[in-house]
Amino acid sequence: MNKYLFYPGCSMESGARAYDESLKAIYKKLGFELEEIKDWNCCGATEYLSIDLLPAYSLISRNLALASKQANGTHKVVASCSACFLNLAKANHYMAERPEFGEKVNEALAAGGLNYKPGSLEVHHLLDVIINDVGIEEIQKLVVKPLKGLRVAPYLGCMLARPDYEKQWSDHEYPTELTRLLKALGAEVIDFPLNTHCCGGHMTQISPGTAFELIRQLVSAADQYKADVMVTVCPMCQMNLDAFQGETNHFFHTNYHMPILFFTQLMGIAFGMDPKKLGFGAELVDASKAMSRIGIEVPAAEETQAPKRKKTTGLPMPKMPGDEEVAS
Amino acid sequence: MTAQNHPPQNNKSNSNFLEEVSEKTAGVSRLDMCIQCGTCGGSCPPAADMDHTPRTLFAMIRAGMRDEVLSSNTPWMCVSCYYCTSRCPQNVLITDIMYALKGMAIKEKRYKDSTAPDFSQSFIGMVENYGRSFELGLATRHYLMHFPMRLPSMAPMGLGMLSKRRMGITPPKRIQGMDQLKAILTRAKELEVD
């Protein structure tokens, strides 16, 4: 039994509900014991780091301090969100790399009666412990319903394999962990060149054009590779590619329809679990048609329609993939 | 903001701007090791939207161009994808330096466009009050303030997120240790100024 201190992060309760539900459905099969860090707080995402250095790291480190106090029989912290994982890993690493900085963080933590010894915990992402602690062979043994014929684009996003302080990943730009996992589930995995490109992060809120272009690149690449679905390991990536796909289509006058799922949802399907318990239907771009292509029925997602383009004729515009469908 | 409004210590520290930025970076920045190769800018997804590529910005930091650096949109366009950081042959902590520059620009109110700083500040306002983030409250406030024209094209997404229970209407439950968190953050802010 592998035991971990679990840091779910804020999005697991809201935006990434499908991730949360599917993880809860599968983790026992993997022989995991996930003990939630009691009274954890938000990691500050990329926002707090932009404002105040020391408060930002103190906010993150409160979680590490709580985890090390709670640790009974394990020193491994697992986060399911890439941004949370990176923030926790950052604090763990930089507090040790610059001891005087680490001491200042601890001075702030002391005001709340807490303390954290940098490096005393290991910080991992969920995918990392599934691949390295459970292992591909064990996962293969659990597969009862191989995802045969499902073309999947594996999308890891940027904050997992980079900067990779503890050398946990096979490569910084083209890691194979997610590909190996999906192959073990029997899926047909695309050699996806944008595997660790950026989903735009918080730019959807700040510079929408910048974000939409990054989203377009990813979705259009998956579309050109004829992927049935794209698979992510991070709530932020899923949110950007799924929830903002409609607005991106609107922005570029394209008509992509690429379902974005969490890897845990596909693991659940391959392990033969009830699709109703795996968070299907929570996506904004419906995945049920793609899944039914390989004979798997999952709850359909009701799609809310984007506003129609007012005019389909006008000045000549550069052609974009998907234009044909819009022109009708 | 005009030059005479700067706090006095900033005027004389232009030549030490590089040290100042390094000091405000979480890890060991290695900014002084930059060899101006441009790998960072070449790897940067949003480079086209930046006033200066990271390489240019680092040359400007070395030249002590404090005003220009802190009012550049470059750090605000950074998407934190760490391509530059992992490719840098000198292991400069480029992404973390961008965070440091954002913090400095906010403190001195040097940013040209308030969209990103406002978003960051609204976000941490939620976190400092609840210990958790709250997407609906944050998004509504932010869109009304900065992107009112986007609301119509956003509507299907917002409704979808609500109807699929991916966004709550009520604020999150406060964490139990809210007082503890506040004490930690207050102390951290005091230490930051020292």
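Residues numbered from 1 in each chain as written. Chains lettered and ligands numbered in written order. Predicted model: local features only at pLDDT ≥ 70, side-chain atom pairs only at ≥ 80, totals over all residues.

### Digging into the nonpolar core
Residues and elements named next belong to chain A. Core analysis: the largest hydrophobic core is formed by 170 residues, its most contacted members being Leu88, Val152, Met230, Val231 and Leu266. For this core, the element with the highest residue contribution is helix H2 (residues 53-70), accounting for 10 residues. Beyond its immediate stretch of four places on either side in the chain, Val231 contacts Val152, Ala153, Pro154, Tyr155, Leu178, Leu182, Leu261, Phe263 and Leu266. (Core = buried A, V, L, I, M, F, W, Y, C linked by C-beta atoms within 7 Å. Buried ≥ 20, exposed ≤ 12 C-beta atoms within 10 Å, placed from the backbone. Helix = DSSP H or I, 4+ residues; strand = E, 2+ residues; numbered from the N terminus. Contact = placed C-beta atoms within 7 Å.)

### Quick word on the packing of H2 of chain A against helix H12 (residues 178-193) of chain B
Two elements in contact, H2 of chain A and H12 of chain B, have axes whose closest approach is 8 Å; the angle formed by their N-to-C orientations is 150°. What the angle tells us is that H2 of chain A and H12 of chain B run roughly antiparallel. Crossing angle aside, the handedness with which H2 of chain A passes H12 of chain B is right-handed. When H2 of chain A is examined against H12 of chain B, the residues Leu53, Leu54, Pro55, Ser58, Leu59 and Arg62 of chain A are found in contact with a partner set consisting of Leu181, Ile184, Leu185, Ala188, Lys189, Leu191 and Glu192 of chain B. Broken down by class, the residue content of the contact of H2 of chain A with H12 of chain B amounts to nine nonpolar, one polar and three charged. (Axes fitted to C-alpha atoms, helices over the stretch in contact; angles between N-to-C directions. Parallel < 35°, antiparallel > 145°, perpendicular 65-115°, else oblique. Left-handed = near helix turned anticlockwise from the far one by under 90°. Nonpolar A, V, L, I, M, F, W, Y, C, P; charged D, E, K, R; others polar.)

### Considering the domain arrangement of chain B
Partitioning chain B into domains gives domain 1 (9-107) and domain 2 (115-193). Centre-to-centre separation of domain 1 of chain B and domain 2 of chain B, based on C-alpha positions: 27 Å. (Domains from an automatic or database assignment.)

### Details of the sheet that holds strand S5 (residues 151-154) of chain A
Residues and elements named next belong to chain A. The strand order across the open sheet formed by four strands is S6-S5-S7-S8, and the pairing between neighbours is parallel. Looking at the sheet topology across the chains shown, the edges are occupied by strand S6 (188-189) and strand S8 (260-262). Bridging between strand S7 (residues 229-232) and S8 involves three bridges; their strand directions are parallel. Residue Met230 lies in a different strand from S8, and its bridge partner there is Ile260. Docked against the sheet, helix H7 (residues 177-184) engages S5, S6 and S7, running at close to 160° with respect to S5. (Pairing = 2+ DSSP bridges.)

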